[in-house]
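Chain residues, written in single-letter form:
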Amino acid sequence: MHYPLKYRRARTAIYAVVLFWLWTWLGSAAFIASLFHSPIHAILAVYALMTFVLLSIPVFLLAAAQMAMNRPTVMPRPAVVVPLERRPAAGPGVIRLSRNAS
């Protein structure tokens, strides 16, 4: 069975990891430098950054594997379309007998 959501979720995870790495290379130094007034905050930020860097590598690899295994395919035949019968338009004097889902 084909599950297109697995492919889309894996693609979103790859986008998130790539954006994180771009931020790491381009903006994280300024973020950590702004925390030097408090050494504890700077140490926690560096620890969190290194943890996310180490976790992003297996997340990227697993997402790439998910994308490779769940590649979208073109359906061999068109989908079945079931035509629905037309309902008459309800005028001001017509009472609806169907119940709403509310």
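Just so we're clear, the structure is a prediction, and the values are computed from it rather than from any experiment.

Some remarks on the overall build of the chain
Here's step 1: Secondary structure summary: the chain contains three helices and zero strands in total.
Here's step 2: When its helices and strands are written in sequence order, the chain yields α-α-α.
Here's step 3: Considering the chain as a whole, with its 102 residues, one finds that 18% of them fall into the buried category.
Here's step 4: Taking the intrachain contacts of the chain between residues at least 6 apart in sequence as the baseline, contacts between residues at least 24 apart amount to 73%.
Here's step 5: Of the roughly 9300 Å² of accessible surface on the chain, a fraction of 70% belongs to carbon and sulfur atoms.

Examining the packing of aromatic side chains
For any pair of aromatic rings, the description rests on two quantities: the centre-to-centre distance and the angle between the ring planes.
Here's step 1: Enumeration over the complete set of coordinates arrives at five aromatic pairs.
Here's step 2: Ring geometry for Phe-20 and Trp-23: centres 6.3 Å apart, planes at 35°, overall tilted. Of this pair, Phe-20 and Trp-23 are both found in helix α1 (residues 4–26), three residues apart, which corresponds to roughly one turn of the helix.
Here's step 3: On the accessibility criterion, Trp-23 (38% relative accessible area) is partly exposed.
Here's step 4: A connected cluster of aromatic rings, assembled from ring pairs, spans Phe-20, Trp-21, Trp-23, Trp-25, Phe-31 and Phe-52.

Points about the side chain of Ser-28
Here's step 1: The topology assignment puts Ser-28 in helix α2 (residues 28–33).
Here's step 2: Ser-28 has contacts with Trp-23 and Leu-49, leaving out every residue within four places of it along the chain.

A look at the nonpolar core
Here's step 1: Grouped together as the largest cluster of nonpolar side chains are seven residues: Phe-20, Ile-32, Leu-35, Ala-42, Ala-45, Leu-49 and Val-53.
Here's step 2: Per-element accounting of this core gives the leading share, four residues, to helix α3 (residues 39–69).
Here's step 3: Counting five residues, the second-largest nonpolar core is a separate cluster that includes Tyr-7, Ala-10, Ala-63 and Met-67.

Some points on the packing of α1 against α3
Here's step 1: Two numbers describe how α1 lies on α3: the axes approach to 9 Å, and their chain directions differ by 150°. By the angle class used here, α1 and α3 are roughly antiparallel. The interaxial crossing formed by α1 with α3 has left-handed handedness. Taking contact as the criterion, the partners of Lys-6, Tyr-7, Ala-10, Arg-11, Ala-13, Ile-14, Val-17, Val-18, Phe-20, Trp-21, Trp-23 and Thr-24 in α1 are, on α3, Leu-49, Phe-52, Val-53, Ser-56, Ile-57, Val-59, Phe-60, Ala-63, Ala-64, Gln-66 and Met-67.
Here's step 2: Split into classes, the residues belonging to the contact of α1 with α3 amount to 18 nonpolar, three polar and two charged.

Things to note about a nonpolar patch on the surface
Here's step 1: On the surface, a nonpolar cluster with roughly 860 Å² of combined accessible area is contributed by Val-18, Leu-19, Leu-22, Trp-25, Leu-26, Ile-57, Phe-60 and Leu-61.
Here's step 2: Elements with a minimum of two residues in the nonpolar patch: α1 and α3.
Here's step 3: Of all the elements, α1 adds the most residues to the nonpolar patch, at five residues.
Here's step 4: Its location among the elements puts Leu-22 in helix α1.
Here's step 5: Residue classification places Leu-22 among the partly exposed residues on the basis of a relative accessible area of 41%.

The rules behind each value
- Once a new chain begins, its residue numbering starts again from 1 and follows that chain's sequence as written.
- Where totals are concerned, whole chains, interfaces and linings use all residues; where local detail is concerned, this predicted model gives features only for residues with pLDDT of at least 70, and gives and counts side-chain atom pairs only at 80 or more.
- Water and hydrogen atoms play no part in the side-chain values, which are based on all heavy atoms of the structure.
- Each helix corresponds to a stretch of at least 4 residues labelled H or I by DSSP, and each strand to a stretch of at least 2 residues labelled E; elements are numbered beginning at the N terminus.
- Categorising residues by exposure relies on relative accessible area from a 1.4 Å probe, with only protein chains included: less than 20% of the type maximum marks a residue as buried, more than 50% marks it as exposed, and the intermediate range marks it as partly exposed.
- A contact between two residues is defined here by any heavy atoms of the two lying within 4.5 Å.
- Per-residue and other accessible areas were derived by the Shrake-Rupley procedure at a 1.4 Å probe size, with only the shown protein chains allowed to occlude residues.
- For this analysis, a ring pair means two rings from Phe, Tyr or Trp (six-membered ring only for Trp) whose centres lie within 6.5 Å, classed as stacked if their planes differ by under 30 degrees, edge-to-face if by over 60, and tilted for the remaining angles.
- The nonpolar core is taken to be a set of buried Ala, Val, Leu, Ile, Met, Phe, Trp, Tyr and Cys residues, with the residues joined through side-chain atoms within 4.5 Å.
- Orientation is described by axes fitted as lines to C-alpha atoms, over the contacting stretch for helices, and by angles from 0 to 180 degrees between their N-to-C directions.
- To sort the angles, those under 35 degrees are grouped as roughly parallel, those over 145 as roughly antiparallel, those from 65 to 115 as roughly perpendicular, and the leftovers as oblique.
- By definition, any crossing whose near helix is turned counterclockwise from its far helix by less than a right angle is left-handed, and any crossing with a clockwise turn is right-handed.
- Three classes are used, and their members are as follows: Ala, Val, Leu, Ile, Met, Phe, Trp, Tyr, Cys and Pro are nonpolar, Asp, Glu, Lys and Arg are charged, and the others, Gly among them, are polar.
- In this scheme, patches are assembled from residues that exceed 30% relative accessible area and form no salt bridge. Like charges are connected within 9 Å, while nonpolar side chains (Val, Leu, Ile, Met, Phe, Trp, Tyr) are connected within 5 Å.
- One side-chain nitrogen of Lys or Arg within 4 Å of one carboxyl oxygen of Asp or Glu is enough to make a salt bridge.

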